[in-house]
Amino acid sequence: MQGLFEIKNGSEKISIEETPKELGRFSTQNIYMGNSIELMREIPDQSVDIIIADPPYNTSKGNNLSMNYGTLPGFGGNWGKISEVWDDMSLEDYISFTLNWLKEAKRTLKQSGSMWVHGTYHNIGIINVAMQILEIEIINEVVWYKRNSFPNLSGRRLTASHETILWAHRGGKRSYSFNYEHSKNGDFSDDNLKNPGKQMRTVWDLPNNKTKQELAHGKHPAQKPVRLARRMIQLSASPGDICLVPFAGSGSECIAARDEGLHYIGFELNEEYVQIANSRLGKDGL
Ligand SMILES: C[S@@+](CC[C@H](N)C(=O)[O-])C[C@H]1O[C@@H](n2cnc3c(N)ncnc32)[C@H](O)[C@@H]1O
């Protein structure tokens, strides 16, 4: 596709090149099926502006909840666990998986770039340590407060109502972008904790519920709301930048990138999820 198209960013209209960019053998505006560690190895050094990674949290560790009428798999702890093969590794495997993908992510990220990584207590400590080992510098730890979180069914623990996000740059000279003015004065009216005109803090109150449109193309057990990745992009990237999404799932972060006027490349292991993502991105049949 050639030409220019316009997107709306708040009240502003931005025109960006629609022509896909080449990145090694990949071209932007696509989701590729495969193992992201292997696929990332084919991306040139320091070529992407922002990485938004929502990796497996490794929460699928049995821990069933027994009820009078039967057993609910994965609900015995304090988390709605994802009973999927891709989310179930030994601790050793998960540590090595994390080091491997983060090493590639760092290599592909520009010095001016940012990476945002999702997690909960199950995996975020491992990601934090892996970043320190790889000398990826953490800029902020953000708490995503989920005001509408699912109740704890066992009644034996507190209701888990937040996730953690690490914002980092590749390490070395600090030249990452931060759209400070937007962080302070942008429109964050859906966030009850953000005071207009005041500095943005590290606790974000963003509802986890998805719009009908976000759910219309099929189910993913760990789908994130698009508004979350849009905020990360607005804070640390600019229209025309390239966004890499190593664990694309149903495509939420790719949609956020597109809607913010960025080029995106997604990687995803599971064919069914690639189809959902392509359908959400309006690429059915491609
Ligand atoms: C937490 S989910 C991401 C969900 C996504 N944020 C969304 O909103 O749909 C993690 C995804 O990583 C995928 N995945 C797991 N291991 C992978 C790997 N090695 N390479 C690529 N994708 C992988 C899973 O299939 C799953 O869809």
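Our structure is the block above this text.
Residues numbered from 1 in each chain as written. Predicted model: local features only at pLDDT ≥ 70, side-chain atom pairs only at ≥ 80, totals over all residues. Heavy atoms only, no water.

**Q** Hey, could you run me through the nonpolar core in this one?
**A** Among soluble globular proteins, nonpolar side chains are generally buried collectively. Formed by 33 residues in total, the largest nonpolar core has its most connected members in Trp101, Leu102, Met115, Met131 and Phe267. Taken together, the elements giving at least two residues each to this core come down to helix 1 (36–40), strand 6 (48–53), helix 2 (91–108), strand 9 (109–119), helix 3 (124–133), strand 11 (162–169), strand 13 (242–245) and strand 14 (263–268). Setting aside anything within four residues of it in sequence, one finds Phe267 in contact with Phe26, Tyr32, Ser36, Leu39, Met40, Ile43, Leu244, Val245, Pro246, Phe247 and Ala248. Of all hydrophobic cores here, the second largest spans 32 residues; its members include Ile50, Trp167, Ala248 and Ala256. (Core = buried A, V, L, I, M, F, W, Y, C linked by side-chain atoms within 4.5 Å. Buried < 20%, exposed > 50% of the residue type's maximum accessible area, 1.4 Å probe, protein only. Helix = DSSP H or I, 4+ residues; strand = E, 2+ residues; numbered from the N terminus. Contact = heavy atoms within 4.5 Å.)

**Q** What am I meant to see in a nonpolar patch on the surface here?
**A** A surface patch of nonpolar side chains, amounting to about 220 Å² of accessible area, comprises Tyr145, Leu193 and Val203. Of note, Tyr145 is situated in strand 10 (residues 137–145). (Patch = residues over 30% accessible without salt bridge, like charges linked within 9 Å, V, L, I, M, F, W, Y side chains within 5 Å. Areas by Shrake-Rupley, 256 points an atom, 1.4 Å probe, with all protein chains shown as cover. Salt bridge = Lys/Arg side-chain N within 4 Å of Asp/Glu carboxyl O.)

**Q** Sorry, what's going on with the pattern of salt bridges here?
**A** Counted according to the given criterion, the structure contains 14 salt bridges. Residue Arg231 is joined to Asp191 by a salt bridge in which the shortest nitrogen-to-oxygen separation is 2.9 Å. Here the residue Arg231 occupies a position in helix 6 (residues 226–236), and Asp191 occupies one in the loop between helix 4 (180–185) and strand 12 (203–205), the gap between them amounting to 40 residues. Side by side, Arg231 and Asp191 carry an identical accessibility label, which is buried.

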